[in-house]
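The primary structure of each chain is shown beneath.
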Amino acid sequence: MCGIVGYIGEDKAVDILLSGLKRLEYRGYDSAGIAVLNGGMQVSHAVGKVQQLADRVYRDWTPEFISATRLGIAHTRWATHGPPTENNAHPHLDQSGRIALVHNGIIENYSDLRQRLAAEGHTFSSDTDTEVLAHLIGEYFDGDLLSAVCGALRQVEGTFGIAAICVEQSDRMVVARRGSPIVIGLGDQETIVASDASAIVAHTDQVIYMDDDDVAVIERDGVDLRNIHNVPVSRQVSRIEWDAKAAEKGGFEHFMLKEIFEQPEALRNTIRGRLDLGRASAILSGLSLTSREMAEIQRVVLMGCGTSLHAAMIGEYFFEDLADLPADVEQAAEFRYRNPIIHSRDLAVAISQSGETADTLAAVREAKNKGALVAGVCNVVGSTIARETGLGVYLHAGPEIGVASTKAFTSQLLVLLMMALKFGRCRRLSRQSGEALCREIEQVPDLVQQVLQRNQQIAEIAAKYSAARDFFFVGRGYLYPAALEGALKLKEISYIHAEGYHAAELKHGPIALLHADVPVMALLCDVPGKEKTLGNVEECKARHAPVVAVATEGDRDAIRICEDVIEVPRTSTYLSPLVTVVAMQVFAYHVARLRGCEIDQPRNLAKSVTVE
Ligand code: M6R
């Protein structure tokens, strides 16, 4: 969603801020803005892309001004309070025009605060909650920006990641967070802050991940960390483990395509050092439970949203089949509001690529409140969910920039599989089965590579279906969640209306919609349930719906019955959703490309959904 960049140092702040915003474009936004200090406050906003903001800034501000400016803040806004207009774009100013603020998150009591400030004579030029916060900071300002920010934030309900600058203190910026990430990058005579490390990594790999209710004064040569009550706190300096190149397209037309093709390598990184052939188990050091503690867990609750929810659904099968552990899947928003029943011997597992999804984070807090042990399965190191859960396993898939989640999903599956293996070995799983599973997991990168080698063939099949208006995806067992994921991939990037269903559900309603213009993607890998899905395919054919199958290579039934077959290598049941989904990612990508869609930044979508 929204993105923040702030810079203070010896370099050209305007260039750094704009290139930082470009690195955050993937998060999804609809307007952008920048405020800098250089003999006074200069602010510029634009609706649309960062490039439009850059064009405006380089047109309106003189080269001398730009090259002499050393401090500023910038923002990409994904509209919540008020439409995407220049007035609503951040940065927002306080009443005096001497304090500028960028903000991610939502100020829930902004309406009350706005009324109070308006009664005191404040005038507002936007519909946003952020402008109210800027005015509130201005109210508290008596020469010290830090105390003003702390005072204002103590009045605020809701979530925020903010960066503020003021004319009176042009040697600093003040940042703060609650529920919306802020990362502080420590460079040589420069400090760069951002809502996400990808805007920082080109400058430094030394970062501080702020905690909730931390406030910091940022200067070019250091950081003074406080809490919201202006009391000093200390936070450790961490290292970003990937470099700027990892967040670039590297010759691919889209980030999504790059990330699809990166999967063999990402999966190798997910597995690296984690398989213990000696014990026929997995080594997951972040899941620091003793064998006895693992054996005592009575139920696993897997929580997530979107693609991560689909991974959770497959995880349910892993835990039940391999670890002999009852498992339940919870859509995170549903879990947080439903008053779920949780026991102290439950392990809640929050699955989130970003580690910042608002509903998943709230579900983590709810599960903790109710006494469950909570673990995170996150990709982004230092993310809120990763830190709040304490226990957990990182994906190590590298930065995922494309809005459509691809490599994070397959890495999530492998992490969940290794977790189930580890739990299984403390319970009922035999050494022999554990060893066989370890060997299979080792093969996964190669299996995925084999799917990717069919890219051209999948592209040709995709071309036949790229004009479809509706699409159904069906599967059973492990391939049921895979069908949901295939449909999600297609709809989010190609805008084709796509529905994922359990194959058995077709007869309970959806079959009414089938006809010659409504193709069906049938997941037909050679796993239990295949024969029955084949029967459902026959029913689709009887309604003249064209059927594309994802099937095990050489599958004669699929070739005989279906119009088109995307072949994937033979795997065990456990790995069948993994190879199937990779094939559907490639399919969705080519359909979207042929339809001329904005693949990396689909309309209305944000990479990380940090508001409800
Ligand atoms: O960062 P998370 O894994 O928590 O994100 C959850 C969903 O927002 C995300 O998977 C979303 O559904 C993707 N656009 C799917 O491709």
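Source: prediction; values computed, not measured.

### Notes on the overall build of the protein
Along its length, the protein carries 20 helices and 26 strands. Taking 25 Å as the expected radius of gyration for a compact globule of 612 residues, we find that the protein reaches 25 Å, a close match to that expectation. Taken along its principal axes, the extent of the C-alpha atoms in the protein is 75 × 55 × 45 Å. Of the contacts formed within the protein by residues at least 6 apart in sequence, a portion of 71% connects residues at least 24 apart. Both charge centroids of the protein, one from 61 positive and one from 80 negative side chains, sit 4 Å from each other.

### Topic: the domain arrangement of the protein
Per the domain assignment, the segments of the protein are domain 1 (3-240), domain 2 (255-448) and domain 3 (455-594). Measuring from the centre of the C-alpha atoms in domain 2 to the corresponding centre in domain 3 gives 26 Å. The partner domain 3 presents 26 residues to the 29 residues of domain 2 that form the contact. On the domain 2 side of the interface with domain 3, the three residues burying the most area are His310, Tyr317 and Leu447, jointly 22% of the side's total. Connecting domain 2 to domain 3 are 0 salt bridges. One can count 10 residue pairs in polar contact (both at pLDDT 80 or more) joining domain 2 with domain 3. Counting only elements with at least two residues in the side of domain 2 that touches domain 3, the list comes to α7 (255-261), α8 (263-271), α10 (306-323), α14 (407-425) and α15 (431-452). Here the element with the most residues in the side of domain 2 that touches domain 3 is α10; it accounts for 9 residues.

### Structural notes on the packing of α15 against helix α20 (residues 576-594)
As a packed pair, α15 and α20 sit with axes 9 Å apart at the nearest point and diverge in direction by 35 degrees. Where α15 crosses over α20, the two elements pack in a sense that is right-handed. Here Val444, Leu447, Val448, Val451 and Leu452 of α15 lie close against α20, whose contacting residues are Leu578, Val579, Val582, Ala583 and Val586. Classifying every residue of the contact of α15 with α20 by side-chain character gives 10 nonpolar, no polar and no charged.

### Some details on the site of the ligand
Around the ligand, 14 residues are found, and the nearest of them are Ser308, Ser352, Ser354, Thr357 and Glu492. Glu492 is positioned such that a nitrogen or oxygen atom in its side chain is 2.5 Å from an oxygen atom of the ligand. Starting from 410 Å² of accessible surface for the ligand in isolation, the protein chains cover 92%. Those elements that provide at least two residues to the shell around the ligand are α10 and α17 (479-494). Take the shell around the ligand: its biggest share by element is 3 residues, from α10. In terms of residue class, the shell around the ligand is built from 4 nonpolar, 8 polar and 2 charged.

### Brief notes about the pattern of salt bridges
Counted according to the given criterion, the structure contains 41 salt bridges. Residue Arg279 pairs with Asp276 through a salt bridge whose shortest N-O separation is 3.4 Å. Its relative accessible area of 59% is what places Arg279 among the exposed residues. Among the ionic pairs, Glu330 bridges to Arg338, the shortest N-O distance being 2.7 Å.

### As for unusual backbone geometry
In this structure, Pro91 follows His90 across a cis peptide bond, with omega equal to 0 degrees. Following the sequence through the fold, Pro91 ends up in the loop between β4 (71-77) and β5 (92-93). Of note in the backbone geometry, Asp213 takes a positive phi value of approximately 70 degrees without being a glycine. Counting through the fold element by element, Asp213 comes out in the loop between β11 (206-209) and β12 (214-219). Positioned with a positive phi, Asn230 is a non-glycine residue whose angle comes to about 65 degrees. When you line up the elements, Asn230 lands in the loop between β13 (222-227) and β14 (238-239).

### Some words on the nonpolar core
Taken as a class, soluble globular proteins show a tendency for nonpolar side chains to be buried jointly. Of all hydrophobic cores here, the largest spans 94 residues; its most connected members are Phe319, Met419, Phe423, Phe471 and Phe587. No fewer than three residues from each of domain 2 (255-448) and domain 3 (455-594) sit in this core. Ignoring any residue separated from it by four or fewer positions in sequence, one finds Phe587 in contact with Ile458, Ile461, Ala462, Tyr465, Phe471, Leu490, Met521 and Ile566. Counting 33 residues, the second-largest nonpolar core is a separate cluster that includes Leu24, Ala46, Ala54 and Trp61.

### Overview of the side chain of His103
Mapped onto the elements of the fold, His103 is located in strand β6 (residues 99-104). Of the residues examined, His103 reaches a relative accessible area of 1% and is grouped as buried. Those residues in contact with His103 that lie beyond four places of it in its chain are Ile4, His75, His90, Asp129, Thr130, Thr159, Phe160, Gly161 and Ile162.

### So, the environment of Asp600
Residue placement: Asp600 occurs in the segment after α20. By relative accessible area, Asp600 is classed as buried at 8%. Not counting chain neighbours up to four residues away, the residues in contact with Asp600 comprise Lys249, His254, Phe255, Met256, Gly402 and Val403. A distance of 2.7 Å separates a polar atom in the side chain of Asp600 from the backbone nitrogen of Phe255.

The rules behind the values
Position labels on residues start from 1 in each chain and follow its written sequence. Predicted model: local features are reported for residues with pLDDT of at least 70 only, side-chain atom pairs are reported and counted for 80 or more only, and whole-chain, interface and lining totals are derived from all residues. Values shown for side chains rest on all heavy atoms present in the structure; no hydrogens or waters enter the calculation. Helix and strand definitions here come from DSSP, where helices need a minimum of 4 consecutive H or I residues and strands a minimum of 2 consecutive E residues; each element is numbered from the N-terminal end. We compute the radius of gyration from the C-alpha atoms alone; for a globule the expected value is 2.2 Å times N to the 0.38, where N is the number of residues. Whether two residues are in contact is decided by their heavy atoms, any of which lying within 4.5 Å being enough. Positive: Lys, Arg. Negative: Asp, Glu. His and the chain ends are not part of the count. To locate a charge, take NZ of a lysine, CZ of an arginine, CG of an aspartate or CD of a glutamate. Source of the domain bounds: an automatic or database domain assignment. The term buried area refers to how much accessible surface (probe radius 1.4 Å) is lost by two components on association, counted for both of them together. Here a salt bridge means any side-chain nitrogen of Lys or Arg lying within 4 Å of a carboxyl oxygen belonging to Asp or Glu. Here a polar contact means two N or O atoms within 3.5 Å. Within protein one must be a hydrogen donor candidate and the other an acceptor candidate, and residues neighboring in sequence count only if both atoms are side-chain atoms. Helix axes are fitted to C-alpha atoms over the stretch in contact, other axes to C-alpha atoms as well, and angles between N-to-C directions run from 0 to 180 degrees. Definitions for this section: a left-handed crossing has its near helix turned counterclockwise from the far helix by less than a right angle. A right-handed crossing has that turn clockwise. Under the scheme applied here, ten amino acids are nonpolar (Ala, Val, Leu, Ile, Met, Phe, Trp, Tyr, Cys and Pro), four are charged (Asp, Glu, Lys and Arg), and all others, including Gly, are polar. Note on terminology: near, applied to a residue and a molecule or strand, indicates that one of the residue's heavy atoms is within 4 Å of it. We get accessible surface area from the Shrake-Rupley algorithm with a probe of 1.4 Å; when it comes to residues, only the shown protein chains can shield them. Only protein chains enter the calculation, and the probe is 1.4 Å; a residue is then buried if its accessible area is under 20% of its type maximum, exposed if over 50%, and partly exposed in between. Definition used in this section: a nonpolar core is a set of buried Ala, Val, Leu, Ile, Met, Phe, Trp, Tyr and Cys residues joined via side-chain atoms within 4.5 Å.

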